[in-house]
Amino acid sequence: MSEATAPAAGGKSAGSQGSASKSAAAIDRAKAAGRKALVAYLPAGYPDKQTAIDAAIAVARNGADIIEIGIPYSDPVMDGAVIQAATTQALANGFRVADVFDVVAAVTAQTDAAVLVMTYWNPVLRMGVDEFSRRLAEAGGAGLITPDLIPDEAEEWFAASDKYGLDRVFLVAPSSTPERVAMTVQATRGFVYAVSIMGVTGARASVSSAAEAVVAAAHEAGAERVCVGLGVSKPEHVREIAAYADGVIVGTALVAALRDGGVPAVGELTRELSTAFAPATPTTSTGA
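Residues numbered from 1 in each chain as written. Predicted model: local features only at pLDDT ≥ 70, side-chain atom pairs only at ≥ 80, totals over all residues. Heavy atoms only, no water.

Q: What is the right way to read the confidence of the model for the chain from this model?
A: Detailed reading of the predicted coordinates is not advisable wherever pLDDT falls low. Across the chain, the average pLDDT comes to 86, with 83% of residues at or above 70. Here residues 1–19 is modelled with pLDDT under 50, and outside its nearest four sequence neighbours on either side it reaches 48 contacts, counting other chains as well. Confidence drops under pLDDT 50 across residues 198–206; counting only partners more than four residues distant or on other chains, this segment forms 27 contacts. (pLDDT = per-residue confidence, 0-100. Contact = heavy atoms within 4.5 Å.)

Laid out in structure tokens, this is it:
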């Protein structure tokens, strides 16, 4: 990695600042309990701000270790139809970027989950990277997941995240070259987000066979914590991914549950997904 693309002074890899990283600490707590971490995504402001807060609290209380709060955006490049519809509704209902800090503060005040904000980079730029970072830290947020920001262009984010002690979660994908994976691992703090497929978010019948290779590449590049997202929607997906990843990210299925059944449905699905980490109980015969 050249000096031009390296993290700012103090920036280290996903595994080297575990004690300073809220999301890394959450993954490590799950590991100490003998399981992998469950990461849950929900959009801020959907269907309204208070319900979004209630839903996030419900997922935390039903087994989610890390919560991603997504900022609704008018021109998403990674979101599938379900999440696009939800964020469009949130925007139509008057959601503003500053509202995300209220959501994060409410969730961190009432749960022990690490709360990350997932956002495209433009809303952060519009507010100001330092200002956004300061307000996120004051709200108790763990950091940012930035799907359209690459380490090469993140110098200002490196500085702000170091200044305020925030995690910076970058993405790797099946198309990432070994050089790109190494750069991303070095720039990340918290965990590396492994995209299991080339495409947008959405529930799928099966997990891409590429996911395991993406995780292995990140681990080989030095990442201590790698979580898999895109296409995860069922307990069997969770069990499959848990065999090789450090965490499992679920988004679309939870948003659909919130749409169809409200907060109780989100909590119930989270509970089902979190219990999938538990090893199967062997069946014993009592004989004739």
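Q: It is not clear to me how the sheet that holds strand β9 (residues 247–250) should be interpreted in this structure. Could you clarify?
A: Sheet strands pair by backbone hydrogen bonding; their relative direction is either parallel or antiparallel. Here we have 9 strands laid out as an open sheet, ordered β5-β4-β3-β2-β1-β9-β8-β7-β6, and parallel in their pairing. The strands lining the two open edges of the sheet, one partner per strand, are β5 (167–169) and β6 (171–172). When strand β8 (residues 226–229) meets β9, the two strands line up parallel, connected through 2 bridges. Pairing of V228 across the sheet is with V248, part of β9. (Pairing = 2+ DSSP bridges. Helix = DSSP H or I, 4+ residues; strand = E, 2+ residues; numbered from the N terminus.)

Q: Is there a simple way to explain the packing of aromatic side chains in this structure?
A: A ring pair, where both rings are aromatic, is described by two values, the distance of the centres and the angle of the planes. Enumeration over the complete set of coordinates arrives at 3 aromatic pairs. Where F158 meets F170, the ring centres are 6.3 Å apart and the plane angle is 65°; that geometry is what we call edge-to-face. Here F170 lies in the loop between β5 and β6 and F158 lies in helix α7 (residues 155–164), a separation of 12 residues in the sequence. Take F158: its relative accessible area is 1%, and that puts it in the buried class. (Phe/Tyr/Trp six-rings, centres within 6.5 Å; stacked < 30°, edge-to-face > 60°. Buried < 20%, exposed > 50% of the residue type's maximum accessible area, 1.4 Å probe, protein only.)

Q: I would appreciate a short explanation of the side chain of R189 in the present structure.
A: By the element assignment, R189 lies in the loop between α8 (178–187) and β7 (192–195). Assessed through its relative accessible area of 3%, R189 is described here as buried. Of the polar contacts made by the side chain of R189, one reaches the backbone oxygen of S161; its length is 3.2 Å. Among the polar contacts made by the side chain of R189, one reaches the main-chain carbonyl oxygen of L166 at a distance of 2.9 Å. (Polar contact = N/O pair within 3.5 Å; in protein donor to acceptor, adjacent residues only side chain to side chain.)

Q: Can you help me understand the pairing of β7 in this one?
A: In β7, alternate side chains face the same way, and those of V192 and A194 on one face and Y193 and V195 on the other are all buried. The pairing of β6 with β7 spans 2 bridges and is parallel. For V172, the partnering residue across the bridge sits in β7 and is A194. With respect to chirality, the unit in which β6 leads through α8 into the neighbouring parallel β7 is right-handed. When β7 meets β8, the two strands line up parallel, connected through 4 bridges. When the bridges of β8 are listed, V195 appears paired with G229. (Right-handed = clockwise from strand over helix to strand, strands pointing away.)

Q: I'm lost on the nonpolar core in this one. Help?
A: Counting 94 residues, the largest nonpolar core has V100, W157, F191 and Y193 as its most contacted members. No other element matches the 8 residues that helix α11 (residues 252–275) contributes to this core. (Core = buried A, V, L, I, M, F, W, Y, C linked by side-chain atoms within 4.5 Å.)

Q: Help me out: how do you make sense of the pattern of salt bridges in this one?
A: One pass over the structure, following the stated rule, counts 13 salt bridges. The salt bridge partner of D99 is K49, with a shortest N-O separation of 3.8 Å. You can see D99 sitting in helix α4 (residues 99–110) and its partner K49 sitting in helix α2 (residues 49–61), a full 50 residues away along the chain. Where R259 meets D260, a salt bridge forms, and the shortest distance between an N and an O atom there is 2.7 Å. By relative accessible area, which is 57% here, D260 ends up exposed. (Salt bridge = Lys/Arg side-chain N within 4 Å of Asp/Glu carboxyl O.)

Q: What's the story with the environment of I83 in this structure? I'm lost.
A: Summarising the element assignment, I83 is placed in helix α3 (residues 81–92). Measuring from C-alpha to C-alpha, the distance between I83 and A253 comes to 9.6 Å, with 170 residues separating the pair along the chain.

Q: Explain helix α9 (residues 210–220) here, please?
A: Residues lying three or four places apart along an α-helix face the same way, a consequence of the helix completing one turn every 3.6 residues. Of the positions making up α9, those classed as buried are A211, V214, V215 and A218. Mapping the buried residues of α9 onto a view down its axis gives an arc of 95°, with all of them on the same face. For α9, the elements touching its buried residues are β6, α8, β7 and β8. (Arc of directions from axis to C-beta.)

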